[in-house]
Amino acid sequence: VQEGMAQMREGMAAMQSTDQRCYLSGTLRSLAEAQAKAGQPEEGLTTLDEALALVEETDERHWEAELYRLRAELLLVQGHDAEAEASLQKAIEVARRQSAKSWELRATMSLCRLWCKQGKREAARQMLEEIYGWFTEGFDTGDLQEAKALLEELDKDPQN
């Protein structure tokens, strides 16, 4: 992971040395994901802040919803549930505005997990059921399989 992060930094430095900023927010997303896996949530949040600032500066918004979702995941690791929930709501809002159903599904699953932790199982189930119902294909993809498993878990009686 450390070697991969070093290579990403080298690649970004090379891109920036030529004033190329296209797709840089996606590379920053990958770096933040690696930092999270390496147990570096603070560094990941700093990287995501940089990526979100770049999104605002360049108006390149392809990764925006996923950046907010990842930000929420790192905030959850640090125990900042309220801030994480706001970031997930922002991710869902951005994904809806972009009609990006896959990004919306990911953010919704993250929000549903948080709501379950907070005792809001029924609201979580309803929200996830609604977005899962939008899909008509791709049920063999990881995200939809994960959503189905989460729905099945939410359908179980929490007392059992």
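It should be emphasised that the depicted structure is a prediction, and the values quoted were computed from it without experimental measurement.

Novice: Explanation requested: helix 8 (residues 142-155) in the structure shown.
Specialist: Each turn of an α-helix holds 3.6 residues, which means side chains three or four residues apart point in the same direction. For helix 8, with 14 residues, the first-to-last C-alpha span of 20 Å sits near the 20 Å given by 1.5 Å per residue. Looking only at helix 8, the buried set comprises Leu144, Ala147, Leu150, Leu151 and Leu154. The buried residues of helix 8 occupy one face: seen down the axis, they fall within an arc of 120°. Taken together, the buried residues of helix 8 touch helix 6 (101-117) and helix 7 (121-132).

Novice: So what exactly am I meant to see when it comes to the packing of helix 7 against helix 8 here?
Specialist: The geometry of a pair of packed helices is captured by two quantities: the angle between their axes and the separation between those axes. Running from amino to carboxyl end, helix 7 crosses helix 8 at an angle of 145°, the nearest separation of the two axes being 10 Å. With respect to the hand of their crossing, helix 7 and helix 8 are arranged in left-handed fashion. Where helix 7 approaches helix 8, its residues Arg121, Ala124, Arg125, Leu128, Glu129 and Tyr132 are matched on the opposing element by Leu144, Ala147, Lys148, Leu150, Leu151, Glu153, Leu154 and Asp155. Partitioned by chemical class, the residues of the contact of helix 7 with helix 8 number eight nonpolar, no polar and six charged.

Novice: What's the story with the pattern of salt bridges in this structure? I'm lost.
Specialist: All told, the structure shown has 21 salt bridges when counted by the stated rule. A salt bridge links Glu33 to Arg29; the nearest nitrogen and oxygen atoms lie 3.1 Å apart. Remark: Arg29 and Glu33 occur in helix 2 (residues 24-37); sequence separation between them is four residues, near one turn of the helix. Residue classification places Arg29 among the buried positions, given a relative accessible area of 13%. Residue Glu104 is joined to Arg96 by a salt bridge in which the shortest nitrogen-to-oxygen separation is 2.7 Å.

Novice: Explanation requested: the nonpolar core in the structure shown.
Specialist: One broad trend across soluble globular proteins is that nonpolar side chains are buried collectively. Ranked by internal contacts, the top residues of the largest apolar core, which has 49 residues, are Leu67, Leu105, Leu111 and Leu128. For this core, the secondary structure elements donating two or more residues are helix 1 (2-17), helix 2, helix 3 (41-58), helix 4 (64-77), helix 5 (81-98), helix 6, helix 7 and helix 8. Setting aside its immediate chain neighbours within four residues, Leu67 contacts Ser25, Arg29, Leu48, Ala51, Leu52 and Val55.

Novice: Teacher, can you tell me more about unusual backbone geometry here?
Specialist: Glycine aside, a negative phi is what most residues show, and trans is what most peptide bonds show. Its identity as a non-glycine residue notwithstanding, Asp59 has a phi of 65°, on the positive side. Following the sequence through the fold, Asp59 ends up in the loop between helix 3 and helix 4. Note on Asp59: relative accessible area 52%, which makes it exposed. Unusually for a residue other than glycine, Ser99 sits at a positive phi of about 55°. By secondary structure assignment, the location of Ser99 is in the loop between helix 5 and helix 6. What makes Ser99 exposed here is its relative accessible area of 58%.

Novice: Hey, could you run me through the side chain of Ser110 in this one?
Specialist: Inspection of the secondary structure puts Ser110 in helix 6. Relative accessible area serves as the criterion here: at 3%, Ser110 is assigned to the buried category. When residues no more than four places from it in sequence are discounted, the contact partners of Ser110 are Arg69, Glu73 and Leu88.

Novice: I would appreciate a short explanation of the packing of aromatic side chains in the present structure.
Specialist: Each aromatic ring pair is specified by the distance between its two centres and by the angle formed by the two planes. Per the counting criterion, the structure on display carries two aromatic pairs. Aromatic pair Trp63 and Trp103: ring centres 5.4 Å apart, planes at 50°, arrangement tilted. With Trp63 in the loop between helix 3 and helix 4 and Trp103 in helix 6, the pair connects residues that are 40 residues apart, well separated along the chain. When its relative accessible area of 19% is taken as the criterion, Trp63 is described as buried. One Lys or Arg, Lys101, reaches over the ring of Trp134 and ends 3.6 Å from the middle of that ring.

Parameters at a glance
Residues numbered from 1 in each chain as written. Predicted model: local features only at pLDDT ≥ 70, side-chain atom pairs only at ≥ 80, totals over all residues. Heavy atoms only, no water. Helix = DSSP H or I, 4+ residues; strand = E, 2+ residues; numbered from the N terminus. Expected span 1.5 Å × (residues − 1). Buried < 20%, exposed > 50% of the residue type's maximum accessible area, 1.4 Å probe, protein only. Arc of directions from axis to C-beta. Contact = heavy atoms within 4.5 Å. Axes fitted to C-alpha atoms, helices over the stretch in contact; angles between N-to-C directions. Left-handed = near helix turned anticlockwise from the far one by under 90°. Nonpolar A, V, L, I, M, F, W, Y, C, P; charged D, E, K, R; others polar. Salt bridge = Lys/Arg side-chain N within 4 Å of Asp/Glu carboxyl O. Core = buried A, V, L, I, M, F, W, Y, C linked by side-chain atoms within 4.5 Å. Phe/Tyr/Trp six-rings, centres within 6.5 Å; stacked < 30°, edge-to-face > 60°. Lys NZ or Arg CZ within 6 Å of the ring centre and 35° of its normal.

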